[in-house]
Each structure stands twice: as C-alpha cells, then as structure tokens.
Amino acid sequence: MRLPPPDSPLHALMTQFPRAGRLDWIGLRPARDVPMTVVETAQAHTGAGLAGDRYAGGSGKRGATLIQAEHLPAIAAFSGRDAVAPATLRRNLVVSGIPLIAFKGQRFRIGEVVFEGTDPCDPCSRMETALGAGGYNAMRGMGGLCARIVQGGTLRVGDAVHWEVVA
C-alpha cells in the first residue's frame, strides 16, 4: 500500500502512532512439523530471514512473520480456549502496542532491524489441528503480517517497534 503524498491529511493520519510498540516474543521454526524454539534474541539477515528458521534463505518476502499480541486473546476466544500460546500459531514475532496492519507495504523498525511489511500472514490448514475444528476461521483477519528484512541485525525481546520514515 502506497502512502498518500506527504502534504495530504491522510498521510499524516497514516504515519502517526500514539506510541511505540514492543517485541514481546521470538520463536523460530527450525523445520516443518517440529515445535518452535523460543528465544530471547535472533539474528535477522537482510533479504533472507531469521537464522535458525526454516524460511531463512528463501525469497525474502517472508523473512519473518509477525502477529499482534492483542489478537491472541481474541483467537483463543474464537477457538473456545482460555488462552493460545504464540508457538501454537507458528509466527516468529509477537508485538504489542502498535497495529501491525499499518505496516503493510511500509517499512518499520524493531530494535536495529528494518522490515517491510509484504502481505497478510493468513492462517493455514494446520490451525485446524493446532486450535481444533474451526481454528482456521478463528484466526482469519488476525493472522498477522509477513515481512522482508531490509536491514539485518539482532532482535531482542523488549525491543521497541516503530514506523520507519523512508526518505
């Protein structure tokens, strides 16, 4: 999604956030159909992905997957559970305090790493097994965001999440 021209009132609305977000959780998927590895730090490689994740070295369009912490209780409620652990949903990064949808087609920074939101991270059929019957639909609209890594570095739980100004 392209931003409106800088002198547009809509541009101002789309680039103003009430506060920074926070990186709450990091998980790596070492291979298909294996449990996620929860880590406190991860290395993000430009144009590739997260070291130790099965998608590292791919097209880069899905260098990392992110989900909104605020959506976890809603997904749990829709799937008839008390709670859902981030690893169950198989996203790499859980962020809170800032709306991920605002980063689709935009650059954003988590700590020292710069990302570009590429596509919604729609749920897959595995959610029927992970969350039970209807799990796919319980997650629809709240699956998060896929992002490419524009500038690599180290991610740390607790890092701030900001919209990145592109000159």
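Residues numbered from 1 in each chain as written. Predicted model: local features only at pLDDT ≥ 70, side-chain atom pairs only at ≥ 80, totals over all residues. Heavy atoms only, no water.

Visitor: A description of the packing of aromatic side chains should follow, citing residues and the corresponding values.
Guide: Going through the model one piece at a time under the given rule, you end up with two aromatic pairs. Plain terms: the ring middles of Phe103 and Phe108 are 4.5 Å apart, the flat faces sit at 10 degrees to each other, and that makes the pair stacked. Residue classification places Phe103 among the buried positions, given a relative accessible area of 0%. On the basis of an interplanar angle of 15 degrees and a centroid distance of 5.3 Å, the ring pair of Phe108 and Phe115 is categorised as stacked. Grouping residues by exposure puts Phe108 and Phe115 together as buried. Among the aromatic residues, those joined into a ring-pair cluster are Phe103, Phe108 and Phe115. (Phe/Tyr/Trp six-rings, centres within 6.5 Å; stacked < 30°, edge-to-face > 60°. Buried < 20%, exposed > 50% of the residue type's maximum accessible area, 1.4 Å probe, protein only.)

Visitor: Tell me what's going on with the environment of Glu128, and back it up with residues and numbers.
Guide: As for its position among the elements, Glu128 is in helix H4 (residues 126-131). Judged by its relative accessible area of 34%, Glu128 falls in the partly exposed class. When the C-alpha positions of Glu128 and Ser79 are compared, they lie 9.7 Å apart, and in sequence the two are 49 residues distant. Beyond its immediate chain neighbours, meaning those up to four positions away, Glu128 contacts Ala133, Gly134, Gly135, Tyr136 and Asn137. Within the local environment of Glu128, its side chain forms a polar contact with the backbone nitrogen of Tyr136, the two atoms lying 2.9 Å apart. (Helix = DSSP H or I, 4+ residues; strand = E, 2+ residues; numbered from the N terminus. Contact = heavy atoms within 4.5 Å. Polar contact = N/O pair within 3.5 Å; in protein donor to acceptor, adjacent residues only side chain to side chain.)

Visitor: Explain the sheet that holds strand S10 (residues 153-156) to me, using residue names and the numbers behind them.
Guide: Strand pairing in a sheet is mediated by backbone hydrogen bonds. Such pairs are either parallel or antiparallel. Spatial ordering of the open sheet is given by S4-S3-S10, a layout of three strands whose pairing is antiparallel. Strands at the two margins of the open sheet, each flanked by one partner only, are strand S4 (49-50) and S10. (Pairing = 2+ DSSP bridges.)

Everything listed here is a matter of coordinates, which is why it stays silent on function.
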